[in-house]
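Residues per chain are reported as follows:
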Amino acid sequence: MAVVPLSKSKHSELKLGGFDLSVFSGVPSLPVYFNEIKHVACDHPLFFNFNDNVCELRLLCSIGSSSSSAWITDDGKWVGSYVPAFLRHQPFSAHAIDGGEEVGIFLDDSSPRLTDGLSPLFENSEPTELLKKIIASMKQIYKVGRTTQQALDCIARLNIIQPWEAKIKSRDSEEISITGLQRIDEKALSELAADQLSELNDAHALPLIYGQLFSMRNLDKLVSLQNNKLASSLGAELGFSLS
C-alpha cells in the first residue's frame, strides 16, 4: 500500500473502477464510525481495542488468524446490504496536514480500483464531478472520524471497558478462546454518576456503547458464516460453534 497525497499533476490519468473487496479478505477487523452504528450493530459483532493506548471500535471479520473475512465472498463482494464506510471510501482517505486544521485528501495509488478504471478523476487538469463528490465525502468522513474518536476517548477515560471472554467450541468439543477483544462493562456502566452519563451523551458515546452491547449476539452469525465459507472452499466444515 502506497498512501500519498492526491495530486492533479501525478494522478491526472487515473480512473476509478468498481469495488473488488478481495484485497481486504485477510483483514481481521475494520474500524467503525459512530454514524454507522445503527447499520453495522444489527448484523456484525463489534468490539473495542486499544492500539498504542488509543481506544478503537472495530467490526470483527474473522475468527482465527488464518481465516479470511467471513463478510467478504470469494468474488470480492460484501455479505449484507450495508458496506462499512471504511471499505466504501477506499482507496481514498483524509488526514490533517502537519497536525493542523487543514484536511488533505490522500489515496492508495496501488489500489486495484485504480487499475483499468473507467471513471476519470481529472479532466483538463481539473477535478471531475465524481472527484469533487469524493473530496466532499472524505472531508465529512474526517469530521465523523474525529467525533467518533472523541466518543471513544470518553468511554476509555471513564473505564467502562473490560475483556470480552468469548469462547467457541469445535465439533469435537475442544474449547477455543477468542482473545484480544474487549466489550462494555455493563456493571461499571450502571454505576456511573449522572454527570458521567451526561458526559457520555455530550460526546455522542451512547450509541457506540449500546451498539457494541447489542452487536455481541452476532458472534454466532460470524461463526456460522465462517463455517459455511470454509466448508464451500475446502469441502469440509471448520467445526466451530458457540459454547
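Since the model is a prediction, treat every value here as computed from it, not as a measurement.

Is there a simple way to think about the overall build of the protein chain in this case?
Looking only at helices and strands, one finds seven helices and 15 strands in the protein chain. Expressed as a percentage of the 243 residues in the protein chain, the buried residues total 43%. Summed over its atoms, the accessible surface of the protein chain is roughly 13100 Å², and 50% of this surface lies on carbon and sulfur atoms. Of the charged side chains in the protein chain, 22 are positive and 30 negative; the average position of the first set lies 4 Å away from that of the second.

What exactly am I supposed to notice about the environment of Phe-214 here?
The topology assignment puts Phe-214 in helix 6 (residues 206-215). For Phe-214, a relative accessible area of 40% translates into the label partly exposed. Between the alpha carbons of Phe-214 and Ala-231 there is a distance of 28 Å; along the sequence they are 17 residues apart.

Explanation requested: the environment of Ile-155 in the structure shown.
Locating Ile-155 in the fold gives a position in helix 3 (residues 129-157). Residue classification places Ile-155 among the buried residues on the basis of a relative accessible area of 0%. Setting aside chain neighbours within four positions, we find Ile-155 in contact with Phe-48, Ile-160, Ile-161, Ile-184, Leu-200, Ala-205, Leu-208 and Ile-209.

Would you mind showing me how to read the pairing of strand 7 (residues 103-108) here?
Strand residues, when the strand is regular, have side chains that alternate between the two faces of the sheet. Among the six residues that make up strand 7, five are buried, leaving the element largely enclosed by the rest of the structure. The pairing of strand 6 (residues 92-96) with strand 7 spans five bridges and is antiparallel. Bridge pairing in strand 7 places His-95 opposite Gly-104. Counted along the chain from strand 6 to the antiparallel partner strand 7, the turn is six residues long, and its residue Asp-98 has a positive phi close to 55 degrees.

So what exactly am I meant to see when it comes to the pattern of salt bridges here?
Pairs may arise between side chains of opposite charge once their charged atoms sit close together. By the definition in use, this model includes eight salt bridges. Asp-43 serves as the salt-bridge partner of Lys-221, at 3.2 Å between the closest nitrogen and oxygen. With Lys-221 in helix 7 (residues 219-234) and Asp-43 in the loop between helix 1 (37-40) and strand 4 (46-51), this residue pair connects regions lying 178 residues apart in the sequence. Residue Lys-187 is joined to Glu-191 by a salt bridge in which the shortest nitrogen-to-oxygen separation is 2.7 Å. Comparing Lys-187 with Glu-191 shows no difference in burial state: the two are exposed.

What is the right way to read the nonpolar core from this model?
The tendency in soluble globular proteins is for nonpolar side chains to be buried as a group. Counting residues in hydrophobic clusters, the biggest one holds 48 residues, and the most contacted among them are Leu-59, Ile-155, Ile-160 and Leu-200. Only helix 1, strand 4, strand 5 (54-60), helix 3, strand 12 (166-170), helix 4 (186-190), helix 6 and helix 7 provide two or more residues apiece to this core. In terms of nonpolar packing, the next biggest core, distinct from the first, is built from 17 residues, Leu-16, Tyr-33, Phe-92 and Leu-131 among them.

How should I be thinking about the pairing of strand 5 in this particular structure?
Of all seven residues in strand 5, six are buried; the element is thus mostly enclosed. Where strand 3 (residues 29-31) lies against strand 5, three bridges are found, and the strand directions are antiparallel. Counterpart to Leu-30 in the pairing with strand 5 is Leu-59. Bridge count for strand 4 against strand 5 is six bridges, and the pairing is antiparallel. Following the sheet pairing, Phe-48 is matched in strand 5 by Leu-57. If you look at the hairpin formed by strand 4 and strand 5, you'll find two residues sitting between the two strands, and Asp-52 has a positive phi there, around 55 degrees.

Mind showing me how you'd approach unusual backbone geometry here?
Glycine aside, a negative phi is what most residues show, and trans is what most peptide bonds show. Residues Gln-90 and Pro-91 are joined by a peptide bond in cis, for which omega reads 10 degrees. By secondary structure assignment, the location of Pro-91 is in the loop between helix 2 (85-88) and strand 6. A positive phi is found at Ser-125, a non-glycine position, where the angle reads about 65 degrees. Inspection of the secondary structure assignment puts Ser-125 in the loop between strand 9 (122-123) and strand 10 (126-127).

Parameters and conventions
Residues numbered from 1 in each chain as written. Predicted model: local features only at pLDDT ≥ 70, side-chain atom pairs only at ≥ 80, totals over all residues. Heavy atoms only, no water. Helix = DSSP H or I, 4+ residues; strand = E, 2+ residues; numbered from the N terminus. Buried < 20%, exposed > 50% of the residue type's maximum accessible area, 1.4 Å probe, protein only. Areas by Shrake-Rupley, 256 points an atom, 1.4 Å probe, with all protein chains shown as cover. Lys, Arg positive; Asp, Glu negative; His and termini not counted. Charge placed at Lys NZ, Arg CZ, Asp CG, Glu CD. Contact = heavy atoms within 4.5 Å. Pairing = 2+ DSSP bridges. Salt bridge = Lys/Arg side-chain N within 4 Å of Asp/Glu carboxyl O. Core = buried A, V, L, I, M, F, W, Y, C linked by side-chain atoms within 4.5 Å.

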